Structures are given as structure tokens and as C-alpha cells.
Amino acid sequence: MNEVKTIVGNIKKGIIAPIYFLMGEEPYFIDIVSNYIEEHVLQEDQKGFDQIVLYGQDVTVPTIIDYARRFPMMSDRQVIIVKEAQNLRATIDQLVPYVENPTPTTVLVFCYKYEKLDARKKLLKTLQKNKDCVLLESKKLYEPQVAAWLPDVLKKKHLSIQPKAIQMLVDFLGTDLSRIQNEVNKLALIVPENTEVTPEIIEKNIGISKEFNNFELKSAIAANDAYKVARILKHFADNPKDNPLGGTITVLYNYFQKLLLFHGLTDQSEKNVAAVLKENPYFIKEFYSGAQHYPMKRVSAIIATLRQIDLKSKGVGATNNLTEADFRKELIIMLRA
């Protein structure tokens, strides 16, 4: 994320590279950089002459180089953006001579999504060697990183957000940054500026129940509130489309994995726990509470059971007549054992 800010910040200052190779599993950051270049490097009246968007499945590398070697018509530079550049992978090394000697009046952008260049390929080494080129690897974020990223996204919309509301969004939407951004954009259209986003606002405008969600389930488990756990899981069973089993298992697995790590910490101060577990300090009380109810041996057994339920829910070692409701019952039994 900091690297993206640096790239965009340099472009704003007029420090523009001849080549931007944007690659990686997370398309969100690739889109941020490529969209910024597409929208801001040239003036609107220049784009019709000196900006072109190509698609990897429709062009060849020699054709891209031919475009890149041309001179701009109405401005000091031309912009060429190659979207879906991963479709060029079989011939991508043909770019090496151009990367070694790029045209200074061309800004050539490659959007190489969902994967990265083979480290054995000469192109990657050439891009790394040429200090005039910008090479970005856009990596998937983990949930704690998404939770840390969300307040900044809302701040740009002149909104703030409560920690519990952050967790609700992350638990429900996962690490799909584009989907989260879309929901934030919707909120910004509905909610007045300078509003603090609360669980109630999330429930009303995004449709995530503030009472029946994986975050509340995790909190109930940490507190060993058997009635609330059963109540939430029953709601999940009655509304399976809104509460996929896989998401619940992931949230619980992550919690108990961290709880196991918590048990092994010699320094269980709040500051150290938050740092080691990579958790928002607001939520670490759940580990102190959980440790009282779930000894290390029991946590290990729960993790093993969660793995079994996950496999069976995917059809591994399970009979065909088991339903999602059956798996949720297994979760209740596991927690009561």
C-alpha cells in the first residue's frame, strides 16, 4: 500500500517513469495506479491523440513495441496502457530489448493481474535492473491488514468507523478490496460527511446483521456464552446464503489458531499480544477471555475438529446426506465438548 502511495505521489510531482509493470494477485492496487495514470498524466484534449488502451488478448508484443516507439502528437508524451497483460505471458520476454532502451516520451503501463512474472524469466531481471522502470508487485492483504486499511479508505470519503464495524465488514466481505471499496462508495453516497460508521449503519445500509454475524459468534465463543453461540449458529443455518459455512469456519479457525499462539506467549501484556497476533488492541480482550475457557489442549482439539468439518463440508470423507445444518451442529458439539 505504501508503495502505491509513493508511485502515485511521484506522478503527482511530475516524476513519471517510461514503464510501469504492475503485477500480482491483488488487482485493486494495480487498478489504482493504472487508473491514475489513465486519468491524470495527459489533459483531456490530449488523450484522443496520445493515449491508447490495448488488451493482452488482442495484441502482440511487437505491436505494443511499435506503438511505444512512436512519438506523441499533441503533448510531450504518449500513454499506452496494456490491460490483461497476463495474456501475453508466452511471449512476454520479447519486451526485454524495449525495457533495456525505452522511449523517453512514452509512458507504457502493463496491468499483469492475478499472477507475477516468472523469476526465471529475463524480463523480470531486466525490469529490476532498469532503475527508470517502476515494478509493482501487488500482494493480497491479510485480514488484519485489511482492517488497518479500511479507516484510510473511509477517511478519503470524510467518514470514520468504529472498530466493531470494521470487523463486521472484514468478516462479511473478507479480503476482497474491490468489493469493500464498492460498499464504502455506497456508504459515502448515503451517509452524511463526518459521520462515524457504526454497526447499526452497517446493518441498515449493507445488510450485515449487527447481532448475527461471525464477529458476534467469535465474541460469544470467547465469552463461552453457549446460548448466544447456539442462537447465532441457528440463525446462520436458517439463512445459509447470507452466512456461508466456509466463512464461519475460517473466522473460527483463525481465532483458535491465534488463541493457541496466545497460550504460548510468555509476555501476555496487551501491547505484545496485539503486536504478535497482529490484532487491533480493541479486540485482544477476546483472547484473555478465551484463554480462561479454552485450555491449550482443548484449543488444539478444536482446531483439529474445524479442519475435519472443513474437509467434510467440501465432500472429503463425508456421506452424501450430510447438510450444512449438520455441520453447524457439529460446531456446537465441538464447542461444548
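What counts and what doesn't
Residues numbered from 1 in each chain as written. Predicted model: local features only at pLDDT ≥ 70, side-chain atom pairs only at ≥ 80, totals over all residues. Heavy atoms only, no water. UniProt positions renumbered as here; feature names shortened; annotations may be inferred. Helix = DSSP H or I, 4+ residues; strand = E, 2+ residues; numbered from the N terminus. Buried < 20%, exposed > 50% of the residue type's maximum accessible area, 1.4 Å probe, protein only. Contact = heavy atoms within 4.5 Å. Areas by Shrake-Rupley, 256 points an atom, 1.4 Å probe, with all protein chains shown as cover. Domains from an automatic or database assignment. Pairing = 2+ DSSP bridges. Axes fitted to C-alpha atoms, helices over the stretch in contact; angles between N-to-C directions. Expected span 1.5 Å × (residues − 1). Arc of directions from axis to C-beta. Phe/Tyr/Trp six-rings, centres within 6.5 Å; stacked < 30°, edge-to-face > 60°. Lys NZ or Arg CZ within 6 Å of the ring centre and 35° of its normal. Core = buried A, V, L, I, M, F, W, Y, C linked by side-chain atoms within 4.5 Å. Patch = residues over 30% accessible without salt bridge, like charges linked within 9 Å, V, L, I, M, F, W, Y side chains within 5 Å. Salt bridge = Lys/Arg side-chain N within 4 Å of Asp/Glu carboxyl O. 1 Å grid on protein atoms, 1.4 Å probe; cavity = no way out; pocket = protein on both sides within 12 Å on 5 of 7 lines; lining within 4 Å. Points joined across faces, edges and corners; volume = space filled by probe spheres on them. Nonpolar A, V, L, I, M, F, W, Y, C, P; charged D, E, K, R; others polar.

Where an unreviewed UniProt entry is consulted, the protein chain appears under the name DNA polymerase III subunit delta, with the organism given as Capnocytophaga endodontalis. The Sequence similarities (unreviewed entry) comment attached to the protein chain in UniProt states, word for word, "Belongs to the DNA polymerase HolA subunit family."

*Asks:* For the overall build of the protein chain, give the residues involved together with the corresponding values.
*Replies:* From N to C terminus, the protein chain includes 17 helices and 7 strands. Of all 337 residues assigned to the protein chain, the portion counted as buried reaches 45%. By sequence separation, contacts in the protein chain at least 24 residues apart represent 75% of the contacts at least 6 residues apart. A total accessible area of about 17700 Å² is found for the protein chain, and carbon and sulfur atoms account for 51% of it.

*Asks:* Before we move on, can you summarise the environment of Val 53 with the specific residues and values?
*Replies:* Of note, Val 53 is situated in strand β2 (residues 51-55). Placed 199 residues apart in sequence, Val 53 and Leu 252 show a C-alpha to C-alpha distance of 44 Å. Ignoring any residue separated from it by four or fewer positions in sequence, one finds Val 53 in contact with Glu 38, Ile 81 and Lys 83.

*Asks:* An account of the UniProt feature "domain: DNA polymerase III delta N-terminal" (unreviewed entry) in the protein chain is requested, with residue identities and associated values reported.
*Replies:* Those places that UniProt annotates as "domain: DNA polymerase III delta N-terminal" (unreviewed entry) correspond, in this numbering, to residues 20-131. Across residues 20-131, helical content stands at 38% and strand content at 21%; the span's end C-alpha atoms are separated by 11 Å.

*Asks:* Provide a residue-level description of the domain arrangement of the protein chain, including the pertinent values.
*Replies:* Considered domain by domain, the protein chain is made up of domain 1 (17-137), domain 2 (143-206) and domain 3 (214-336). One C-alpha centre belongs to domain 1, the other to domain 3, and the line joining them spans 45 Å.

*Asks:* Please give an account of the sheet that holds strand β4 (residues 106-113) that cites residues and values.
*Replies:* If you trace the 5 strands from one edge of the open sheet to the other, you get β2-β3-β4-β1-β5, paired in parallel fashion. In the strand order of this sheet, the two ends are held by β2 and β5 (134-137), each with one partner. Neighbour to neighbour, the strand axes of the sheet diverge by 10 degrees on average, direction disregarded. Here strand β1 (residues 19-24) pairs with β5 via 4 bridges, running parallel. For Met 23, the partnering residue across the bridge sits in β5 and is Glu 137.

*Asks:* Please give an account of helix α17 (residues 324-336) that cites residues and values.
*Replies:* Look at α17: 19 Å from first C-alpha to last across 13 residues, which is about the 18 Å you get at 1.5 Å a residue. All of the buried residues along α17 are Phe 327, Arg 328, Leu 331, Ile 332, Met 334 and Leu 335. One side of α17 carries all its buried residues, which in axial view fall inside an arc of 160 degrees. Facing away from the buried side of α17 by more than 90 degrees, the exposed set consists of Lys 329, Ile 333 and Arg 336. Contacts made by the buried residues of α17 are with α11 (214-222), α12 (226-238), α13 (245-263) and α16 (296-313).

*Asks:* Can you explain the packing of aromatic side chains? Please cite residues and give values.
*Replies:* According to the stated counting rule, one finds 11 aromatic pairs in the structure shown. Centre to centre, the rings of Tyr 28 and Trp 149 are 5.4 Å apart; their planes meet at 85 degrees, and the pair counts as edge-to-face. One end of the pair, Tyr 28, is in helix α2 (residues 27-40); the other, Trp 149, is in helix α7 (residues 143-156), and 121 residues separate them in sequence. Looking at Tyr 28, the relative accessible area reads 11%, which means it is buried. Cluster of aromatic residues (ring-pair linked, three or more members): Tyr 255, Phe 256, Phe 262, Phe 287, Tyr 288 and Tyr 294. The positively charged end of Lys 285 is found above the aromatic ring belonging to Tyr 282, 4.6 Å away from the centroid.

*Asks:* An account of helix α15 (residues 285-293) is needed here, citing residue identities and associated values.
*Replies:* Considered for burial, the residues of α15 that qualify are Glu 286, Phe 287, Gly 290 and Ala 291. Here the buried residues of α15 occupy an arc of 130 degrees about the axis, which is enough to place them on one side. Among the exposed residues of α15, those pointing more than 90 degrees away from its buried face are Lys 285 and Gln 292.

*Asks:* Before we move on, could you go through the nonpolar core and cite the residues and values that matter?
*Replies:* Residues Tyr 20, Ile 37, Leu 150 and Ile 202 are the most contacted members of the largest nonpolar core, which totals 47 residues. If sequence neighbours within four positions are ignored, Tyr 20 has contacts with Ile 7, Ile 11, Ile 15, Ile 37, Val 107, Leu 108, Val 109, Phe 110 and Val 134. Counting 34 residues, the second-largest nonpolar core is a separate cluster that includes Phe 256, Phe 262, Ile 302 and Ile 303.

*Asks:* Give me a nonpolar patch on the surface: which residues, what numbers.
*Replies:* A cluster of nonpolar side chains, namely Phe 49, Met 73 and Met 74, defines an oily patch on the protein surface of about 360 Å² accessible area. By the element assignment, Met 74 lies in the loop between α4 (61-69) and β3 (78-83).

*Asks:* Provide a residue-level description of the layout of surface pockets, including the pertinent values.
*Replies:* Reported here for the largest pocket is a volume of approximately 590 Å³. Elements represented by at least two residues in the lining of the largest pocket include exactly α1 (2-12), α2 and α7. Here the element with the most residues in the lining of the largest pocket is α2; it accounts for 8 residues. Looking at the lining of the largest pocket residue by residue, the classes come out as 9 nonpolar, 4 polar and 7 charged. Split by domain, the residues of the lining of the largest pocket number at least three in each of domain 1 (17-137) and domain 2 (143-206). In terms of lining residues, the second largest pocket is bounded by 24 residues, among which Pro 144, Lys 258, Leu 277, Lys 278 and Glu 279 are the most central. Listed by contribution, the elements that provide at least two residues to the lining of the second largest pocket are α7, α8 (163-173), α13, α14 (270-277) and α15. Here the lining of the second largest pocket gets 6 residues from one element, more than from any other, and that element is α13. By residue class, the composition of the lining of the second largest pocket is 12 nonpolar, 5 polar and 7 charged.

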